[in-house]
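A structural walkthrough
Spelled out from the first residue to the last, the chains are:
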Amino acid sequence: MIAGKNYGRALGLTTRPETDADVPFLGALYGSTRMEELAVTSWSEPQKHAFLDMQFQAQRAHYRRHYPDADWFVIEHGGERVGRLYLERWPSQHRIIDIAFLPQHCGKGFGTALLNALIDEAAAVGKAVSIHVEKNNPARRLYLRLGFAVSEDKGVYDLMARPAALSGKGGDGGQLKTAS
């Protein structure tokens, strides 16, 4: 995947490398993915924000330590930052380290479009695509529809993979195409 690539004229998604100026956005994006989880705590808002900031910084450091050759992309729609995509290309597969959208941009077909582009990119070089997915993550249904299957139980997470054999431009590839 090349930064600046457009993922469909109808959806108008592009990616670009993240910069230091994106860190506040990325922290807020991370926090938006954890709000439901924190809603059940008795913590004050400042406690929640401190916890989320600490967790975001820890996740960021972990990703960069364990995926040193990854691409760190900000996803944009119409020039507005709407999400993030972290991707590492290994010899055997393309690993999606993380993909997330702000809540107001979920359910618009963005994830499907982006995942189809990633599947096509990996298929072009004969590789599988994989991602760790929390067992209770609603996006799990999307991964299953796109041909991903659980390849390893990792406790709270499952490693899901889509074999390269299912991908490719020569047939339908089992891909879900959206009208929007």
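Residues numbered from 1 in each chain as written. Predicted model: local features only at pLDDT ≥ 70, side-chain atom pairs only at ≥ 80, totals over all residues. Heavy atoms only, no water.

1. With respect to the nonpolar core
Core analysis: the biggest nonpolar cluster contains 25 residues, and L85, I96, I99, L115, I131, Y143 and F148 have the highest contact counts within it. Those elements that place two or more of their residues in this core are β2 (71-77), β3 (80-89), β4 (93-101), α4 (110-124), β5 (128-134) and α5 (140-145). The element that contributes the greatest number of residues to this core is α4, accounting for seven residues. In this view, I131 contacts R95, I96, I99, Y143, F148, D158, L159 and M160; residues no more than four positions away in its chain are not counted. Core analysis: the next-biggest nonpolar cluster, separate from the first, contains 17 residues, F25, L38, F51 and I97 among them. (Core = buried A, V, L, I, M, F, W, Y, C linked by side-chain atoms within 4.5 Å. Buried < 20%, exposed > 50% of the residue type's maximum accessible area, 1.4 Å probe, protein only. Helix = DSSP H or I, 4+ residues; strand = E, 2+ residues; numbered from the N terminus. Contact = heavy atoms within 4.5 Å.)

2. Re helix α1 (residues 23-32)
Within α1 the residues assigned to the buried category are F25, L26, L29, Y30 and G31. Taken together, the buried residues of α1 touch α2 (35-38), α3 (45-66), β2, β3 and β4.

3. Comments concerning the pairing of strand β6 (residues 149-154)
Looking at chain direction, β6 and strand β7 (residues 157-162) are connected through five bridges and run antiparallel. Counted as the bridge partner of D153 is D158 from β7. Where β6 hands over to β7, the hairpin turn is made up of two residues, of which G155 adopts a positive phi near 90°. (Pairing = 2+ DSSP bridges.)

4. Remarks on α3
Helix length check: α3, at 22 residues, gives a terminal C-alpha distance of 31 Å against a target of 32 Å (1.5 Å per residue), a fit within 8%. Restricting attention to buried positions, one finds in α3 the residues K48, F51, L52, F56, Q59, R60 and Y63. All buried residues of α3 fall inside an arc of 165° around its axis, so they share one side. Away from its buried face, by an angle of more than 90 degrees, α3 presents the exposed residues P46 and R65. Of the surrounding secondary structure, the elements contacted by the buried residues of α3 are α1, α2, β2, β3 and β4. (Expected span 1.5 Å × (residues − 1). Arc of directions from axis to C-beta.)

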